[in-house]
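Listed here are the chains, written in short residue letters.
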Amino acid sequence: MPVLEEPLKKVLGPATAKVMAEALDLHTVGDLLHHYPRRYAERGELTRLADLPLDEHVTVVAQVETARVLKFNGGSGQRLEVVITDGSGRLQLVFFGRGVHKPHKDLLPGTRAMFAGKVSLFNHKLQLAHPAYELLRRTPDPAAGPDGAQEGSAVDSWAGALIPIYPATAKMESWKIAKAVDAVLPSAPEAVDPLPPALREGRGLVPLPEALLKVHRPHTKADIADARARLKWDEAFVLQVALARRRSSDAQLPATARRPGPDGILAAFDARLPFTLTDGQRKVTAEIFDDLATEHPMHRLLQGEVGSGKTLVALRAMLAVVDAGGQTAMLAPTEVLAQQHHRSITEMMGELAEGGMLGGAEHGTKVVLLTGSMGVAARRQALLDLVSGDAGIVIGTHALIEDKVQFHDLGLVVVDEQHRFGVEQRDALRGKGPRGEGGERRTPHLLVMTATPIPRTVAMTVFGDLETSVLDQLPAGRSPIASHVVPAADKPHFLTRAWQRVREEVAKGHQAYVVCPRIGDDPETTEPGTAAPPPDAKAAAKAEAKAAAKEEAAATADKRPPLAVLDVAEELARGPLQGLAVEVLHGRMAPEDKDAVMRRFAAGETDVLVATTVIEVGVNVPNATAMVIMDADRFGVSQLHQLRGRVGRGSAPGLCLLVTEMPEASTARARLEAVADTLDGFALSRIDLEQRREGDVLGQAQSGVRSSLRVLTVLGDEDVIAEAREEATAVVAADPELRELPGLRVALDALVDAEREAYLEKG
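Model, not experiment: these values are computed from the prediction.

Colleague: For this particular structure, what's the right way to read the sheet that holds strand β21 (residues 654-660)?
Modeller: The strands making up a sheet are joined through hydrogen bonds of the backbone, oriented either antiparallel or parallel. As summarised here, the arrangement of the six strands in space is β16-β21-β20-β17-β19-β18, forming an open sheet in which the pairing is parallel. Since the sheet does not close on itself, it has two edges, and those belong to β16 (481-487) and β18 (582-585), each with one partner. Strand-to-strand, the axes of this sheet are offset by a mean angle of 20 degrees, without reference to chain direction. Bridge count between strand β17 (residues 511-515) and strand β19 (residues 608-611): four bridges; the pairing is parallel. Within β19, the position partnered with Val-515 by the bridge is Ala-611. Packed on one face of the sheet, helix α20 (residues 591-602) meets β17, β18, β19 and β20 (624-629) and runs near 140 degrees to β18. Against the sheet, helix α21 (residues 637-644) makes contact with β16, β17, β20 and β21, and its axis sits at roughly 150 degrees relative to β20, the strand it touches most.

Colleague: What's the story with the sheet that holds strand β11 (residues 366-370) in this structure? I'm lost.
Modeller: Sheet architecture is open: seven strands sit in the order β11-β12-β10-β13-β14-β9-β15, paired in parallel fashion. Whereas interior strands pair on both sides, the edge strands pair on one side only; in this sheet they are β11 and β15 (467-471). Each strand axis lies, on average, 20 degrees off the axis of its neighbour in the sheet, ignoring direction. Packed onto the sheet, helix α12 (residues 310-323) meets β9 (299-304), β10 (327-331), β12 (391-396), β13 (410-416), β14 (445-450) and β15 and runs at close to 170 degrees relative to β13. With respect to the sheet, helix α14 (residues 376-388) is in contact with β10, β11 and β12, its orientation differing from that of β11 by roughly 130 degrees.

Colleague: Looking at this model, I keep getting lost on the pattern of salt bridges. Mind explaining?
Modeller: It is possible for side chains bearing opposite charge to pair when their charged atoms get close. As enumerated under the stated definition, the model contains 39 salt bridges in all. A salt bridge links Glu-504 to Arg-501, with the shortest nitrogen-to-oxygen separation between them at 3.1 Å. Placement of both Glu-504 and Arg-501 in helix α17 (residues 492-507) is noted, with a separation of three residues, approximately one turn of the helix. With relative accessibility at 31%, the residue Glu-504 sits in the partly exposed group.

Colleague: Honestly, the nonpolar core in this entry has me stumped. Any pointers?
Modeller: What tends to happen in soluble globular proteins is that the nonpolar side chains get buried as a cluster. Core analysis: the biggest nonpolar cluster contains 38 residues, and Ile-288, Met-349, Ile-393 and Leu-412 have the highest contact counts within it. Elements with a minimum of two residues in this core: α10 (265-272), α11 (279-292), α12, α13 (335-349), β11, β12, β13 and β14. Ranked by residues supplied to this core, first place goes to α12 with 10 residues. Each residue touching Ile-288, except ones within four places of it in the same chain, is listed here: Met-298, Arg-300, Val-313, Ala-317 and Leu-447. Counting residues in hydrophobic clusters, the runner-up holds 33 residues, among them Leu-12, Leu-33, Ala-168 and Ala-211.

Colleague: Sorry, what's going on with the packing of aromatic side chains here?
Modeller: Working definition: an aromatic ring pair is given by the centre-to-centre distance plus the angle between the planes. In total, this model carries three aromatic pairs according to the counting rule given. When the ring of Phe-115 is compared with that of Tyr-133, the centres are 6.4 Å apart and the planes differ by 45 degrees; the resulting orientation is tilted. Here Tyr-133 lies in strand β7 (residues 132-137) and Phe-115 lies in strand β5 (residues 112-122), a separation of 18 residues in the sequence. Phe-115 gets classed as buried once you look at its relative accessible area, which sits at 0%. Overall, the relative accessible area of 17% leaves Tyr-133 in the buried class. Residues Tyr-513 and Phe-601 carry aromatic rings whose centres are separated by 5.0 Å and whose planes lie at 50 degrees to one another, so their mutual orientation is tilted. Of the two residues, Tyr-513 sits in strand β17 while Phe-601 sits in helix α20, which places them 88 residues apart along the sequence.

Colleague: Help me understand the environment of Val-394, please; the structure alone is not making it clear to me.
Modeller: Mapped onto the elements of the fold, Val-394 is located in strand β12. Judged by relative accessible area, Val-394 falls into the buried class, the value being 0%. Apart from residues no more than four positions distant in its own chain, Val-394 is found in contact with Thr-328, Ala-329, Met-330, Val-368, Leu-370, Leu-386, Leu-400 and Phe-407.

Colleague: Can you walk me through the packing of α11 against α12 in this structure?
Modeller: When two helices pack together, you describe them by how their axes are tilted relative to each other and by the distance separating the axes. Running from amino to carboxyl end, α11 crosses α12 at an angle of 30 degrees, the nearest separation of the two axes being 10 Å. Viewed along their axes, α11 and α12 form a crossing whose handedness is right-handed. Contacts between α11 and α12 involve Gln-281, Val-284, Thr-285, Ile-288, Phe-289 and Leu-292 from the former and Leu-312, Val-313, Arg-316, Ala-317, Ala-320 and Val-321 from the latter. Each residue belonging to the contact of α11 with α12 can be placed in one class, and the counts come to nine nonpolar, two polar and one charged.

Colleague: I would appreciate a short explanation of the packing of helix α8 (residues 208-216) against helix α9 (residues 221-251) in the present structure.
Modeller: Between α8 and α9, whose axes approach to 8 Å, the crossing angle comes to 125 degrees. Classified by the interaxial angle, the pair formed by α8 and α9 is oblique. Taken as a pair, α8 and α9 cross one another with a handedness that is left-handed. In this structure, α8 contributes Leu-208, Ala-211, Leu-212, Lys-214 and Val-215 to the contact, and α9 contributes Asp-223, Asp-226, Ala-227, Arg-230, Leu-231 and Asp-234.

Thresholds applied
Residues numbered from 1 in each chain as written. Predicted model: local features only at pLDDT ≥ 70, side-chain atom pairs only at ≥ 80, totals over all residues. Heavy atoms only, no water. Pairing = 2+ DSSP bridges. Helix = DSSP H or I, 4+ residues; strand = E, 2+ residues; numbered from the N terminus. Axes fitted to C-alpha atoms, helices over the stretch in contact; angles between N-to-C directions. Contact = heavy atoms within 4.5 Å. Salt bridge = Lys/Arg side-chain N within 4 Å of Asp/Glu carboxyl O. Buried < 20%, exposed > 50% of the residue type's maximum accessible area, 1.4 Å probe, protein only. Core = buried A, V, L, I, M, F, W, Y, C linked by side-chain atoms within 4.5 Å. Phe/Tyr/Trp six-rings, centres within 6.5 Å; stacked < 30°, edge-to-face > 60°. Left-handed = near helix turned anticlockwise from the far one by under 90°. Nonpolar A, V, L, I, M, F, W, Y, C, P; charged D, E, K, R; others polar. Parallel < 35°, antiparallel > 145°, perpendicular 65-115°, else oblique.

This is the structure:
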């Protein structure tokens with residue numbers, strides 16, 4: 001077995017290996033060698049405490065300013081409060097009960113240490129409760145004898161000039177990872193280099209074994225720069241090779257060219273449109289129609305701003321395929337969205353959506369809906385319409401993927417909100433294409449839509465097997481949306497004013513959304529009553545421990561549970577929105593109930609819809625002008641932008657109020673201010689990505705991928721990604737099977753499960 005494939009259990013022992021596997025998903029020597037430091041602390045440097053993110057596990061280097069023991073619960077409990085500083089700010093550490101003795105002895109004022117723990121909020125201040133710590137500099141105590149002097153010297157030596165800070169968890173602190181890396185670092189020279197020698201030498205990159213040594217144990221900042229430059233190329237290049245192989249493979253598949261006729265359903269539909277297409281819509285349509293006219297399957301990503309008219313562009317592509325004798329399927333992630341698409345498409349098409357029916361247009365076709373919750377008779381009829389070819393367009397959820405769903409001639413698959421689907425699901429639907437004269441399966445064309453604007457290099461990395469079309473021009477008539485942060489904790493009267501604004505919009509004849517993070521029908525858990533303990537010493541000790549635990553729980557408790565739809569709707573109907581027609585919508589409702597609620601809201605019968613994020617995409621009610629998002633800090637930037645796009649869809653201006661209890665100085669509050677300051681979804685997507693860990697974002701985006709990006713940043717390394725894509729495309733064109741590059745093949749197998757390379761998942 002190659003050294004790098006050895007299980008960590010053999011090198012580190014079963015206990016440490018178990019934690020490494022469970023907490024960090026590290027299983028082999030190679031996995032650990034590729035677990036790179038997140039940053040490096042210089043000796044004497046104090047890391048900025050002012051930038052700590054709430055609810056994340058962090059490692060900081062700081063100096064103790066004060067330490068004091070406080071009594072509570074009538075003196076039976078004790079708490080150690082330590083304040084650490086780094087020059088940019090202060091942070092409180094708390095230790096409880098019997099856990100105060102060692103830190104009280106270690107953490108004397110002036111002591112420097114590394115501290116690791118989860119950042120929590122207590123009394124509106126950030127703190128670490130019971131953090132793990134490692135002293136970085138301790139003045140040797142002569143009274144302690146030679147052992148004390150050796151301990152101080154060893155710690156100083158360990159701290160070194162550049163201290164690697166590793167991505168860590170509560171169960172495996174950074175310094176423990178550093179010690180584990182020391183044990184596997186001698187294996188680094190065995191690492192197989194994935195880069196073709198000409199590429200590596202041409203770009204002046206150091207060999208992989210040297211890069212691994214330098215990234216883990218640098219002597220200088222130049223070492224770190226050399227290592228990172230090399231490792232970025234590894235990540236970018238290997239991923240782009242995987243995507244290039246997928247593109248190359250897809251390009252070999254046969255497909256039926258679909259060209260619309262001059263006087264068919266598309267021409268009839270265009271004649272019905274009460275407006276002209278934007279320049280952007282015309283340009284993107286031309287790209288799509290060119291792809292549809294080829295005998296290889298289209299693989300195109302259509303991304304655009306909220307409200308830029310993606311559905312219209314997709315519908316025209318679908319009608320072009322129907323014109324050419326084929327069928328089209330639109331895959332939506334939720335029943336609410338599938339029903340909304342079905343409703344809006346049939347409304348846009350009018351009698352053209354009634355093909356074969358009395359009163360239907362000459363060039364019409366059937367538009368059917370297929371979801372998992374449909375009645376037996378309706379489902380049977382929909383399946384019959386598909387297999388017979390009577391239905392040119394079907395809109396549905398994952399129910400479309402089931403084996404029993406068969407098409408007469410499936411020519412185009414449109415996937416809405418790609419990030420909700422795996423590639424397995426996408427390809428299962430594409431596998432329902434027609435058979436050619438020789439019996440071979442002809443692959444349907446594919447159009448993937450996303451309403452989440454994506455920076456160019458993210459699209460190149462995450463959607464790397466798709467060509468990209470961008471709609472960044474809003475149609476005429478879209479109204480501006482004013483967005484404001486409502487600091488409910490600091491200024492409760494602002495929230496009162498928010499509900500007044502909702503009433504004012506309803507008084508003008510408009511409607512409003514209120515969005516909450518949670519449904520609120522979670523099963524309640526109650527603690528059973530406890531009898532009074534007997535008055536003996538054992539019970540007293542137990543009571544002290546319980547009191548300390550209660551105090552600790554209060555200090556370390558996460559924020560209160562997110563606000564819930566059912567609770568908020570009830571409070572609003574009884575309070576600030578009393579007298580208005582308030583309804584709820586959430587994912588656990590029966591499909592027919594969800595559809596009925598949306599129909600009433602679309603018809604103007606409901607004034608205020610209190611909902612979860614089921615309204616995030618695709619919901620189109622032009623009369624809805626106001627949105628209040630409760631606990632807005634619980635949502636991501638792109639999600640807030642999506643939600644906001646549900647208002648301002650008509651002629652009246654939109655209003656979006658972001659309600660939060662987060663303090664003004666918090667990063668969550670800064671994120672909300674960024675959303676309020678701009679309507680540019682592409683700008684917001686960059687902010688969103690900058691504030692999230694890209695490795696997590698992209699790791700979740702790739703099915704079968706064992707490791708996510710570690711040193712590559714898709715915003716900061718745009719040039720590397722673009723160049724790696726070019727190099728990868730050339731390498732795959734010259735050697736599709738990578739027979740001449742065994743090292744690259746090994747790296748590719750490590751990145752992607754061999755059986756599932758075709759299933760790189762996007763989004």
